[in-house]
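Report on the structure
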Amino acid sequence: MRIAVTKNDTLLDFALWRPAAPDMVGSVYHARIEALTPAMGGAFVALGGNQSGFLPLQNNAPKLTEGQAVTVEVSRAAQGGKGLRLRLLAADVAPEQKGLITPGPTPLARLAALWPTAAVVVDSPAAAALIPPALRDRREPGFAPYPDSIAAACDALEEPLVALPGGMEATITPTPALIAIDMDAPPAQTGRTKQTAQFAANRDALPALMRQIRLRNLSGAILIDPAGLATRKRQALLEPVNAALKPDPLNPRCLGITALGLIEIVRARIYPSLPELLNSPHGRALRVLRHILVHAPQTTQITGGAGIIRALEQDPEAVADCARQLGHKLSLHTNHALPDLTWTVQES
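The rules we used
Residues numbered from 1 in each chain as written. Predicted model: local features only at pLDDT ≥ 70, side-chain atom pairs only at ≥ 80, totals over all residues. Heavy atoms only, no water. UniProt positions renumbered as here; feature names shortened; annotations may be inferred. Phe/Tyr/Trp six-rings, centres within 6.5 Å; stacked < 30°, edge-to-face > 60°. Helix = DSSP H or I, 4+ residues; strand = E, 2+ residues; numbered from the N terminus. Core = buried A, V, L, I, M, F, W, Y, C linked by side-chain atoms within 4.5 Å. Buried < 20%, exposed > 50% of the residue type's maximum accessible area, 1.4 Å probe, protein only. Contact = heavy atoms within 4.5 Å. Salt bridge = Lys/Arg side-chain N within 4 Å of Asp/Glu carboxyl O. Pairing = 2+ DSSP bridges. Axes fitted to C-alpha atoms, helices over the stretch in contact; angles between N-to-C directions.

As recorded by an unreviewed UniProt entry, the chain carries the name Ribonuclease and is attributed to Acetobacter fabarum. Heading Cofactor (unreviewed entry) of the UniProt record for the chain holds this comment: "Mg(2+)".

Here it is as structure tokens:
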């Protein structure tokens, strides 16, 4: 489910909500210390139901032992190949208590809290059924599709190329270590254009780029290469960058300009980024279902590699919802001869 915060057909905030695959941030558990790892500065904690996470321990943390019961809160979602990050709430818990105490807020609840005066508008009965009681008085009656401009803006978030004011563009490239963003000026602003014009073009484009970082939830280390601007001139971009980062609820920080002239930003890595959500096995599985609904509504069977079929089987709600919209049963078949995340469809 796409959740967009809008005003006057402008996209202000965005999140993907996958009820079958919650990020678990904010969830509280009665748990057990599984293994202490002094070399890593923490402990692995069993949450129950084959779930586990890593609990960092500072020097002033209470002394814990393996097998000890604790209460923990998920402080960071599993992402970037790393598991859940935890925060210690209490070190003494009754041994008979275990498992989930309180689930964390959904993306809808988080956005509703950030935008407390925004009305809730849904486009289907299935979406309306997921609105919690606390938000039902904010729901507008009836159903309304996304405006075309908002749908286009949401679609554009899936692309690595970003259009910016003044004809500028930016290419976003996630890597395991950092997010690299390369800004480019249009042909008219290259070549013999004065540095003052280049500075103005970069300055005017940076606020829109900072909004894109928030909308896509790009996190961790972010390096931005401004377009066509001498390294000595780039220091003057710090003021507009800092101003554009202020509205971000995750409080990102601009650390300065590197020796190579790159703008260095760090943004809290709490929730998975949009590129990671879209390119995960689950994200690719949901893309299969969206493709079928739009382009192949007569599909009765999905045949795919082991990875894509396993991801579909782990989200039976999404498969069932797709089948309901198609109006007929949808079956899954694994073909081990196919690459892991590839697929084909068979139509009736």
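Re the packing of aromatic side chains
All told, the structure shown has 1 aromatic pair when counted by the stated rule. Relative to phenylalanine 54, the ring of phenylalanine 44 has its centre 5.3 Å away and its plane inclined at 65 degrees; by these criteria the two rings are edge-to-face. With phenylalanine 44 in strand 4 (residues 42-48) and phenylalanine 54 in strand 5 (residues 51-56), this pair connects stretches of sequence that are 10 residues apart.

Some points on the nonpolar core
Counting 30 residues, the largest nonpolar core has Ile181, Met183 and Ile224 as its most contacted members. When contributions to this core are tallied by element, the ones reaching two or more residues are strand 10 (169-174), strand 11 (179-184), helix 4 (195-215), strand 12 (220-225), helix 5 (238-245), strand 13 (253-257) and strand 14 (263-267). Not counting the four nearest positions on each side in its chain, methionine 183 is found in contact with Leu164, Met168, Glu169, Ala170, Asn202, Ala205, Leu206, Leu209, Ile224, Asp225, Pro226 and Ala227. Membership of the second largest hydrophobic core comes to 16 residues, among which are Leu286, Val288, Leu289 and Ile292.

Focus on the pattern of salt bridges
For the structure shown, the criterion picks out 9 salt bridges. A salt bridge links arginine 267 to aspartate 248; its shortest N-O distance comes to 2.7 Å. Of the two residues, arginine 267 is situated in strand 14 and aspartate 248 in the loop between helix 5 and strand 13; the sequence distance between them amounts to 19 residues. Summarising the burial analysis for this pair, arginine 267 and aspartate 248 share the class buried.

Things to note about the sheet that holds strand 9 (residues 161-163)
Hydrogen bonds along the backbone pair up the strands of a sheet, which may run parallel or antiparallel. Judged by pairing direction, the sheet is mixed, and its 6 strands sit side by side in the order 9-10-11-12-14-13 without closing on themselves. Single-partner strands in this sheet number two, and they are strand 9 and strand 13. Taking the axes of each pair of neighbouring strands and ignoring which way they run, one obtains an average angle of 20 degrees across the sheet. Bridge count for strand 9 against strand 10 is 3 bridges, and the pairing is antiparallel. If you follow valine 162 over to strand 10, its bridge partner there is alanine 170. Along the sheet, helix 4 makes contact with strand 9, strand 10, strand 11, strand 12 and strand 14, crossing strand 11 at roughly 145 degrees. Against the sheet, helix 5 touches strand 13 and strand 14, its axis set at about 170 degrees to strand 13.

Brief notes about the sheet that holds strand 15 (residues 299-304)
Read from one edge to the other, the open sheet built from 3 strands follows the order 16-15-17, with strand pairing classed as mixed. In the strand order of this sheet, the two ends are held by strand 16 (331-334) and strand 17 (343-347), each with one partner. The mean angle between the axes of side-by-side strands here comes to 25 degrees, regardless of whether they run parallel or antiparallel. Pairing between strand 15 and strand 16: 4 bridges, direction parallel. Bridge assignment links glycine 304 to a residue of strand 16, and that residue is threonine 334. Packed on one face of the sheet, helix 7 (residues 281-295) meets strand 15 and strand 17 and runs near 150 degrees to strand 15.

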